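Examining the three-dimensional arrangement
Letter by letter, the chains look like this.
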Amino acid sequence: QVQLVESGGGTVQPGGSLRLSCAFSGSIFSTYNMGWYRQAPGKQRELVAVILSGGITNYADSVKGRFTISRDNAKNTVYLQMNSLKPEDTAVYYCNARRTSTGRNYWGQGTQVTVSS
């Protein structure tokens, strides 16, 4: 039932910024913890940031101070503001939704972020 659609990916130069969006539909957004994951070629998928239904956030050490996750419950949307981008941030970024009551996970289809000069 839950559908997640990411947008906002693209190609930027090192030091640039991007803002990813994830549109949630099919259930009650406020009952889900939301997160962003990424997967680079040859590497495992890793958690980038999470924002719980109550607003608590957590970040991977590699992005702390550069990325900010937020959610707008009125718009059923979660965002990832990415600043000071580095080439090592290049990856496919996936939106994740986790129902608090069941723990079931839902995934978006991903959006490519490329940081290159």
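Owing to the predicted nature of the structure, the values given are computational and were not obtained by experimental measurement.

Helix and strand content of the chain: 0 helices and 11 strands. Its helices and strands in sequence order give the chain the pattern β-β-β-β-β-β-β-β-β-β-β, from N to C terminus. Split into buried and exposed, the 117 residues of the chain put 38% on the buried side. Taking as baseline every contact in the chain between residues at least 6 positions apart, the subset at least 24 positions apart corresponds to 54%. Accessible surface, the chain: about 6,200 Å² in total, of which carbon and sulfur atoms supply 44%. Of the side chains in the chain, 12 bear a positive and 6 a negative charge, and the two mean positions are spaced by 7 Å.

Turning to the state of the cysteines, a few remarks are in order. What the rule picks out here adds up to 1 disulfide. Note on cysteine connectivity: Cys22 is disulfide-linked to Cys95, with sulfurs 2.0 Å apart. Because the sign of the S-S torsion sets the handedness, a value of about -85° for the bond joining Cys22 and Cys95 places this disulfide among the left-handed ones. A residue pair is termed long-range when its members are at least 10 positions apart, and Cys22 in strand β3 (residues 18–25) and Cys95 in strand β9 (residues 91–99) qualify at 73 residues. The class of Cys22 is buried, set by a relative accessible area of 0%. Judged by relative accessible area, Cys95 falls into the buried class, the value being 0%.

With that out of the way, let us pick up the environment of Ser116. Assignment of secondary structure puts Ser116 in the segment after β11 (111–115). Ser116 gets classed as partly exposed once you look at its relative accessible area, which sits at 40%. Taking the C-alpha atoms as reference points, Ser116 and Thr90, separated by 26 residues in sequence, lie 8.3 Å from one another. Setting aside residues no more than four positions away along its own chain, Ser116 makes contact with Val12, Gln13 and Pro14.

About the criteria used
Residues numbered from 1 in each chain as written. Predicted model: local features only at pLDDT ≥ 70, side-chain atom pairs only at ≥ 80, totals over all residues. Heavy atoms only, no water. Helix = DSSP H or I, 4+ residues; strand = E, 2+ residues; numbered from the N terminus. Buried < 20%, exposed > 50% of the residue type's maximum accessible area, 1.4 Å probe, protein only. Contact = heavy atoms within 4.5 Å. Areas by Shrake-Rupley, 256 points an atom, 1.4 Å probe, with all protein chains shown as cover. Lys, Arg positive; Asp, Glu negative; His and termini not counted. Charge placed at Lys NZ, Arg CZ, Asp CG, Glu CD. Disulfide = S-S within 2.5 Å.

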